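Listed below are the residues making up each chain.
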Amino acid sequence: MKYLCTAFDVAVYIKTANFPIKQEYGILESIWERREELLAAKYKAEKKQFLNLIRHEMNKLDGSLDYVDEINYILKEMGSKYLLCDQEFEQDVIASYFKVIKIQLLLTPGKKYCRIKLRTIIRSFGYKRRTASLVEYMNKTINALGLKTYVRGLERCNIRDVSLDQVIIVRLKNM
């Protein structure tokens, strides 16, 4: 399923959280133990392979590669007429952003919510304005991941109706 976590999502979570190495291993163990609910099918077979893929993704994050350009270059060198569309990549980035938030909420001790300005979220995707298609995709992703959005006072909200400078709170649905 598209909304299950990938090695890239886990790598982003670990890199951004900046855990001590012992805690990092504990988090990876927790993810592996909950693999049936968290991980995409191709990562569930073998633990060592899964951990190696995360390390590989973390090493890539340390570099400064533009993945879309790199993939398109490889496809071009192979003689393929197909090129990876920026929109496909963009949707993967949006989904990954919210998957990392879900991982944080599930696995970071004491973290029950994530607070962030809507403008900050939109800018992190490279947008200057809120578009209908962006909001639709964000809402679809949030719902599919089992997340809910709130504004101050824990009042449920929809991203389409919130002002850009308003802080939204992202929580797990079951909390």
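Criteria and cut-off values
- For every chain, the first residue of the written sequence is number 1, and numbering continues from 1 onward in sequence order.
- Reporting in this predicted model follows two pLDDT cut-offs: at least 70 for local features of residues, and 80 or more for side-chain atom pairs to be given and counted; totals over whole chains, interfaces and linings ignore these cut-offs and use all residues.
- Heavy atoms from the whole structure form the basis of all side-chain values; hydrogens and water molecules are not counted.
- In DSSP terms, a helix is any run of H or I states spanning at least four residues, a strand is any run of E spanning at least two, and both are numbered starting from the N terminus.
- The classification of residues rests on relative accessible area computed with a 1.4 Å probe and restricted to protein chains. Under 20% of the type maximum is buried, over 50% is exposed, and intermediate values are partly exposed.
- Any two residues whose heavy atoms approach within 4.5 Å at even a single point are treated as in contact.
- Pairing between strands requires that DSSP locate at least two bridges from one strand to the other.
- Centre distance within 6.5 Å is the pairing criterion for rings of Phe, Tyr and Trp, where only the six-membered ring of Trp is used; planes under 30 degrees apart are then read as stacked, over 60 as edge-to-face, and the remainder as tilted.
- Two limits define a charge over a ring: the Lys NZ or Arg CZ must be within 6 Å of the ring centre, and within 35 degrees of the ring normal.

A. Seen up close, the overall build of the protein. When its secondary structure is counted, the protein shows eight helices and four strands. Across the protein, helices and strands are ordered from the amino to the carboxyl terminus as α-α-α-α-α-α-β-α-α-β-β-β. Residue burial in the protein is summarised as follows: out of 175 residues, 41% are buried. Once local pairs closer than 6 in sequence are excluded, the contacts in the protein between residues at least 24 apart make up 62%.

B. Expanded view of the environment of Val12. If you trace the backbone, Val12 turns up in helix 1 (residues 7–17). In the structure, Val12 is positioned 85 residues away from Tyr97 in sequence and 8.8 Å away in space, judged by C-alpha atoms. If near-sequence neighbours (up to four positions away) are discounted, Val12 is found in contact with Leu61 and Val100.

C. Representation of the sheet that holds strand 1 (residues 114–117). Strands sit in the order 1-4-2-3 across an open sheet of four strands; the sheet is antiparallel. Edge strands, defined here as strands with exactly one partner in the open sheet, are strand 1 and strand 3 (155–156). As defined by bridge partners, strand 1 adjoins strand 4 (residues 167–172) across four bridges and the pair is classed as antiparallel. Counterpart to Lys117 in the pairing with strand 4 is Val167.

D. Here's a closer look at the side chain of Ser96. Within the secondary structure layout, Ser96 lies in helix 6 (residues 86–107). Excluding residues within four positions of it along the chain, Ser96 makes contact with Phe8 and Asp9.

E. Just the packing of aromatic side chains, in detail. Counting across every chain of the model gives four aromatic pairs. Here Tyr13 and Phe19 contribute two aromatic rings whose centre-to-centre distance is 5.5 Å and whose plane-to-plane angle is 70°, an arrangement assigned as edge-to-face. Neither residue differs from the other here; Tyr13 and Phe19 are each classed as buried. If you follow Arg156 out to its NZ or CZ, it ends over the ring of Tyr150, 5.9 Å from the centre.

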